[in-house]
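Observations on the model geometry
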Amino acid sequence: MDYRNIWTMAEAQNGKLKEVSFELLSRGRALADKLNESLVSVVIGNNIDKEQLDQLIFRGADEVLVVEDESLDDFIVETYSNVLVDMIKEMKPNIILAAATVNGRTLMPHVAMRIHTGLTADCTDLDIEKDTKNLLQTRPAIGGNILATIKTPQHRPQMATVRPKSSKPLELDPNRTGKIRYIEFDRSLLDNRVRKLEARHDQDRNINIQESDVVVAGGKGMKKAENFAMLQELADRLGGVVGASRDAVDRGWAVYPQQVGLSGKTVTPKLYMAVGISGAIQHLAGMKTSEIIVAINSDPDAAIFKVSDFGITGDLFDVLPLLIKKLNEEVKA
Amino acid sequence: MDIIVLIKQVPETSNVKMDPNTGTMVRDGVESIINPLDLYAIEVGLQLKEEHGGKVTAVTMGPPSASKALKEAIAMGCDEGVLITDRKFAGSDTWSTAYILSAAIKKIGNYDIVLAGERATDGDTGQVGPNIAACLDLPLGTYISRIDKTDCDKIIVERLLEEGYEKLEMPLPALLTVVKEISFPRLPTLRGKQRAKKTELIVFSAENLELDENLTGLRGSPTRVVKIESPKVMRNGIMLSAKDEDQLEDAVNKLVEFLKTKEII
Ligand SMILES: Cc1cc2nc3c(=O)[nH]c(=O)nc-3n(C[C@H](O)[C@H](O)[C@H](O)COP(=O)(O)OP(=O)(O)OC[C@H]3O[C@@H](n4cnc5c(N)ncnc54)[C@H](O)[C@@H]3O)c2cc1C
Ligand SMILES: Nc1ncnc2c1ncn2[C@@H]1O[C@H](COP(=O)(O)O)[C@@H](O)[C@H]1O
C-alpha cells in the first residue's frame, strides 16, 4: 500500500484556529516520528491568516495543506467531505486524525463511508503496532466501562477522531520550518443542497464544558435553580465552567449542553468537582476519566466518593460558602 | 410525510460483559432496551406525522430478539417495524452496519426523512447516522435540537454546536440525527401495546436486500477490535467529614491546600 503520512484536521471558526488543532498535532507528531513519515496539517476554511498557519508548523507540522474559499466559511458537511475525499484520493495519506467535536464527528464518518475505510470514534490513546505498523486506536466504550483497542488492518487511510483535551499541544518552536501549500479545488465539489442560515451564540448556552480545564458540576442536592449561582461563583474563582447531572438538567436548573454523563457530554478536565451529585453509573460514565475529582456530598456512602481524589462528607450549603470565602481570601493574599 | 426512524437495541445497564476473545458484547442474560437516545428520534417522528400525516417506520438491525424494540416503538405510536436480521450480519462495525441499513432504507423507499439518535449508548460512536447519509447521498443534519419548519420538500432545523446553535435549511429527503433537547419522548399507551401485539413485523435478511455480502458482518468490517480492558475506577482518595464547625473549617482548609498542590489555584 502506497499510503504515506499523517494528516491532522485543523478546525477553524470565523477564521481562527481552535486549540484542538494544535492538540492533534502533538498526537500526530508522535505517530509520524514512530513511522518516519511526515506530519501534515489540513486546514479547510476561509481567511486563515499566515501567522496562524505558521503556528501549525511551529507546533509540529511538517507541511500545511490549505483549502480556502468563501464557500468554506461555514461547515457544510457535504462540501467539506467532497473536498477531503478528493484530497485523500489524490494524496493517499496513511492516517487521518480529527477532533471528536460536533463537526469532526460529523465529517469523518461521512468521509470514511465514501472511501470505504474504518473510523474509530473518540479515541483517548493512539499508538503504532510494532510489527505491522498499524495504528492502534484506544477508546472508552460502554459508558467508559471498558477500553477497547481497535485497528484497521486492510483499509487505508486509518481514521480516528480524538477526544479534545486528551493531549496537550507541543511547545511552540519558532525555529521549526515547513511548507505551506494552497490546494485548488474544483467548484463542482460545492454542495448546494444544505444552506446555513444563521448562528446563534446564546450567552447561557455559550458554555463548552468539554473545553474547560475546570468543571464544577451540581446535582439534585443543589435543591433549586438559584443555588447554581454558588457553583458559578466557585467556577469563576477556579477559572472553570458549570456542569450538571441529568437530574439537575431535567429540573431546569441547568441546560442540556451542561449535562455530563452517558446521555450528555464526556469531560476530561484537570479538575472535576461534583457537588450534590450521587455518582450514578450513567453520570460517572461522563467524568470518571477526569484528572482530579473532588466531591462534596452529605451521604458518606455516595458512589461519587469511590472515584474521588478528595471527598468532603457534609452539607454543601455549609461547605460551598466557606470554600468560596477561602478562595476569595486566597486571591487577595 | 413518511418517516424512517433508526433504532438500536442496547443492553439495559452500562455494566455489560465483554467476550475477551471476540471483543464483542456478551448479550446473554442482559435485559435489552431501545437506545435511550433513539427515543427522542421516535418522538420527533411521531410529532412530524401528527402534524403532516404519513407514517412512521421503525427500523432496527440486530438479532431476532431485537423485535422487542420494534414492538415498543409501535406501542409508542410507530406504524410499522422492520427487523433486519441475518447471521451473516453479526460482528458488523459502523461501516458495515450503515451499509446494511442503507440497503434496507433503499428497499423501504418512499421516505421524506430518516431519523437517527445522536449515538448509541453501547458502541457510543455516533457514526452510523452520518455514514448512512454518505452512503445514500442524502443531505445531512447532525446534532439537531429543533425542527423549525418543514413542508413536503424542505426543512429548517437547528443544530447544537459546542458554542451555541446554527440554523440549516435543506431539501427533503434528508437524514437527521437528533439530540435529547429536541423532544420529550412519550410513553407507550395501552392501546399502542395492543396494536403492537397485532402488528406483524417486516423482516429482511441478506437475501431480501441488494448488497454485497462481502461488505457485511465481521468480514466486511474495516475495523477490528484487538484488545479489551477494564479500567479501574477506584481512586481511594482523601476523605474528610464536615459534621461540625471545626471539622468543616479543617476540611475546607485542606481542600484549598489540595487544590494548591495540584496547581489548580
Ligand atoms: C439511560 C440513562 C441515561 C442517563 N444519562 C445520564 C447522564 O448523562 N448524566 C447524568 O448525570 N445522569 C444520567 N442518568 C441518570 C442517573 O441514573 C441518575 O439518576 C442521575 O445522575 C442522578 O443525578 P444526581 O446525582 O444529581 O441526583 P441524586 O442521585 O438524587 O443525588 C443527589 C445527591 O445529592 C446529595 N445531597 C442532597 N442534599 C445535599 C446537601 N445539602 N449537601 C450535600 N449533598 C447533598 C445526596 O446525598 C445525593 O447523593 C441516566 C439514566 C439513564 C437510565
Ligand atoms: N443496528 C442498528 N439498527 C438500527 N439503527 C442503528 C443501529 N446502529 C446504530 N443505529 C442508529 O445510529 C445511531 C448512532 O449509533 P452509533 O453510531 O452506533 O453510536 C443510533 O442512535 C441509531 O439511530
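Residues numbered from 1 in each chain as written. Chains lettered and ligands numbered in written order. Predicted model: local features only at pLDDT ≥ 70, side-chain atom pairs only at ≥ 80, totals over all residues. Heavy atoms only, no water.

1. A look at the packing of helix H5 (residues 228–237) of chain A against helix H8 (residues 316–332) of chain A
All names here are of chain A. Close contact between H5 and H8 brings their axes to 10 Å; oriented N to C, the two are set at 30 degrees. The angle between the axes of H5 and H8 places the two elements in the roughly parallel class. In the packing of H5 onto H8, the handedness of the crossing is left-handed. Listed contacts from H8 to Met230, Leu231, Glu233, Leu234 and Arg237 of H5 are Phe317, Leu320, Pro321, Leu323, Ile324, Leu327 and Asn328. Looking at side-chain class alone, the contact of H5 with H8 contains nine nonpolar, one polar and two charged residues. (Axes fitted to C-alpha atoms, helices over the stretch in contact; angles between N-to-C directions. Helix = DSSP H or I, 4+ residues; strand = E, 2+ residues; numbered from the N terminus. Parallel < 35°, antiparallel > 145°, perpendicular 65-115°, else oblique. Left-handed = near helix turned anticlockwise from the far one by under 90°. Contact = heavy atoms within 4.5 Å. Nonpolar A, V, L, I, M, F, W, Y, C, P; charged D, E, K, R; others polar.)

2. Remarks on the interface of chain B and chain A
At the interface, 84 residues of chain B touch 91 residues of chain A. Taking both sides of the interface into account, the surface hidden between chain B and chain A amounts to around 7700 Å²; carbon and sulfur atoms contribute 59%. Viewed at the interface, chain A and chain B are joined by ten salt bridges. Residue Glu198(A) pairs with Lys167(B) through a salt bridge whose shortest N-O separation is 3.9 Å. Between the two partners, chain B and chain A, sit 43 residue pairs in polar contact (both at pLDDT 80 or more). Sorting the residues of the side of chain B that touches chain A by element identifies helix H3 (94–108), helix H4 (128–136), strand E9 (140–150), strand E10 (154–160), strand E11 (165–171), strand E14 (224–229), strand E15 (238–242) and helix H7 (245–261) of chain B as the ones contributing at least two each. (Buried area = accessible area lost by both parts, 1.4 Å probe. Salt bridge = Lys/Arg side-chain N within 4 Å of Asp/Glu carboxyl O. Polar contact = N/O pair within 3.5 Å; in protein donor to acceptor, adjacent residues only side chain to side chain.)

3. What about the pattern of salt bridges?
Residues and elements named next belong to chain A. Counted by the stated rule, this structure contains 43 salt bridges over all chains. Residue Glu63 is joined to Arg181 by a salt bridge in which the shortest nitrogen-to-oxygen separation is 2.9 Å. Of this pair, Glu63 sits in strand E5 (residues 63–68) while Arg181 sits in strand E12 (residues 179–182), and the two are 118 residues apart along the sequence. Look at Arg181 and you get partly exposed, because its relative accessible area is 35%. Measuring nitrogen to oxygen at the nearest pair gives 4.0 Å for the salt bridge that ties Glu329 to Lys325. (Buried < 20%, exposed > 50% of the residue type's maximum accessible area, 1.4 Å probe, protein only.)

4. So, the site of ligand 1
All names here are of chain A. By nearness alone, 27 residues border ligand 1, and Lys220, Ser245, Ser263, Ser278 and Asn297 come closest of all. Between an oxygen atom of ligand 1 and a main-chain N or O atom of Leu262, the distance comes to 3.0 Å. Between Gln282 and ligand 1, the recorded distance is 2.7 Å, taken from a side-chain N or O atom to an oxygen atom. Within the complex, 80% of the 990 Å² of free accessible area of ligand 1 lies under protein. Among the secondary structure elements, those contributing two or more residues to the shell around ligand 1 are helix H6 (246–250), helix H7 (281–284) and H8. In terms of residue class, the shell around ligand 1 is built from seven nonpolar, 14 polar and six charged. (Near = heavy atom within 4 Å. Areas by Shrake-Rupley, 256 points an atom, 1.4 Å probe, with all protein chains shown as cover.)

5. Side note on the domain arrangement of chain B
On domain assignment, one finds that chain B holds domain 1 (2–215) and domain 2 (234–265). Taking only C-alpha atoms, the centre of domain 1 of chain B and the centre of domain 2 of chain B are 47 Å apart. (Domains from an automatic or database assignment.)

6. Describing the domain arrangement of chain A
Residue and element names in this part refer to chain A. When cut into domains, chain A gives domain 1 (6–189) and domain 2 (214–332). Placing a centre on the C-alpha atoms of domain 1 and another on those of domain 2 gives a separation of 33 Å. The partner domain 2 presents seven residues to the six residues of domain 1 that form the contact. Taken over both partners, the interface formed by domain 1 and domain 2 buries close to 480 Å², and the fraction arising from carbon and sulfur atoms is 46%. Here domain 1 and domain 2 share zero salt bridges between them. Across the contact surface, domain 1 and domain 2 share zero residue pairs in polar contact (both at pLDDT 80 or more).

7. A few points about the site of ligand 2
All names here are of chain B. Not every one of the 18 residues close to ligand 2 is listed here, only the nearest: Leu6, Asp38, Ala120, Thr125 and Gly126. At 3.3 Å from a nitrogen atom of ligand 2 is found a main-chain nitrogen or oxygen belonging to Ile7. Note that an oxygen atom of ligand 2 is positioned 2.4 Å from one of the side-chain N or O atoms of Asp38. Within the complex, 97% of the 480 Å² of free accessible area of ligand 2 lies under protein. Within the residue set of the shell around ligand 2, elements represented by two or more residues are strand E6 (56–61), H3 and strand E8 (113–117).

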